[in-house]
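Below are the chains, spelled out letter by letter.
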Amino acid sequence: MKELKNLVTVTGKLVKNNIEEFKTKKGVDAIGGSLVLRTADNSEHEINFYANKYKKNENKEFTTEESYFYKQYMDAKNNLKDIEHCSEGESPDIVSITDGTFTDNDFKINGKVVSSNKINAKFINKIEPKDYESTVLEAKFEVEGIVEKITDEIVKDVPTGNLVVTMNAIGQMADGFGKDAKYEADHLIPIRMTVDKSMATDFRNEGYYDGCFTKFTGVVINTVEIKEDIEKAAFGTDIVKKVKRNIRRNEIKSGVAVSTIYEHDLTEDVVDTLKSKRKAKLKEIEMGESAHTETSEGFKKNPTPAPATTYNPFLQR
């Protein structure tokens, strides 16, 4: 099958450089962590990275040759300047991530399984100061997959007018590289998205339905809104409280026409297998087993392009 789109691009000011060297549980030397980037709307996005220190040979044994990405991440660790480490009058570096992907992030908290997304990437691109003025600080996504469900957004028992769309993106395994690569469906990546009420009617009119295949593009938002809550006083001045509200959503801005799974080299049997695999994984987490998907080699073997938010997008707000 062809490679299915799962792309997140983020360009922003470097808020926090969290890249560090460490040893995995198996004792493998590695480097990884995250960069937190701030976009023009004051959203902050955490991008995750991982690389083994040493390359492997054709027998999958570690050599003494340092890997390309280890060198790149060491350079980022030592030389990328975040806001925290800027001197007075200095500006933080601006970084662009052009190969990010949403990944599934499932864990158990207070006895319940919580599902969210992270953004993983491989390449780190530092923007040169001469290009700052022409650089747009934004976070966007382009994802295709199977629509699981479409519901009205409800906040405090009141419909907001927005729509909530849960899409199952298809995590793939790659055999080969570049144009010669062949892809196989491996796992589902649930992604919660929002359609603003101003576009809800147009969205409905396009005929999207549970189980259809499509592609959505949009923006990733992760910011804080502060509003004043005014309580009328019986006498004297009104009581004014500042209320902080986290705004976290993947907001759909456009979508392509509806298609079926069969047009994308998928079958009902394959989709059912992916759903069963997803349920089994969540059951394992519920029973207390680890959901950590990294191996001593980093992310799952050959995920595409595996190298997208530390929040829980499946919780209603």
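Everything discussed here concerns the structure shown above.
(A) Local environment of the pairing of strand β10 (residues 139-155). By the bridge criterion, five bridges tie strand β1 (residues 6-17) to β10 in an arrangement that is antiparallel. By the bridge assignment for β10, Thr9 is matched with Lys140. The pairing of β10 with strand β13 (residues 213-231) spans seven bridges and is antiparallel. In the strand pairing of β13, Lys140 is matched with Val219. Across nine bridges, the pairing between β10 and strand β11 (residues 158-175) is antiparallel. Following the sheet pairing, Lys149 is matched in β11 by Thr166. Here β10 folds back onto β11, and the loop between the two strands holds two residues, one of which, Lys156, carries a positive phi near 55°.

(B) A look at the nonpolar core. Residues Phe141 and Phe216 are the most contacted members of the largest nonpolar core, which totals 41 residues. Beyond its immediate sequence surroundings of up to four residues, Phe141 is in contact with Leu7, Val8, Phe102, Met193, Phe216, Thr217, Gly218, Val219, Val220, Asn250, Glu251 and Ile252. The next biggest cluster of nonpolar side chains, apart from the first, holds ten residues, and it includes Ile146, Ile170, Val271 and Leu274.

(C) Region of the structure containing the environment of Lys77. Assignment of secondary structure puts Lys77 in helix α1 (residues 68-79). Measuring from C-alpha to C-alpha, the distance between Lys77 and Ile31 comes to 9.4 Å, with 46 residues separating the pair along the chain. Not counting chain neighbours up to four residues away, the residues in contact with Lys77 comprise Asn17, Ile19, Glu20 and Glu21.

(D) Fine view of helix α3 (residues 268-286). If you check α3, its first and last C-alpha atoms are 27 Å apart, about what 19 residues at 1.5 Å a residue would give, namely 27 Å. Every buried residue of α3 is accounted for by Val271, Leu274, Arg278, Lys281 and Ile285. Down the axis of α3, the sector holding all buried residues measures 85°, keeping them to one side. Facing away from the buried side of α3 by over 90 degrees, the exposed positions are Asp269, Thr273 and Lys279. The elements touched by buried residues of α3 are β7 (94-109), β8 (112-120), β10, β11 and β12 (182-195). Among the residues trailing α3, Gly288 stands out with phi positive, at a value near 100°.

What counts and what doesn't
- Residues numbered from 1 in each chain as written.
- Predicted model: local features only at pLDDT ≥ 70, side-chain atom pairs only at ≥ 80, totals over all residues.
- Heavy atoms only, no water.
- Pairing = 2+ DSSP bridges.
- Helix = DSSP H or I, 4+ residues; strand = E, 2+ residues; numbered from the N terminus.
- Core = buried A, V, L, I, M, F, W, Y, C linked by side-chain atoms within 4.5 Å.
- Buried < 20%, exposed > 50% of the residue type's maximum accessible area, 1.4 Å probe, protein only.
- Contact = heavy atoms within 4.5 Å.
- Expected span 1.5 Å × (residues − 1).
- Arc of directions from axis to C-beta.

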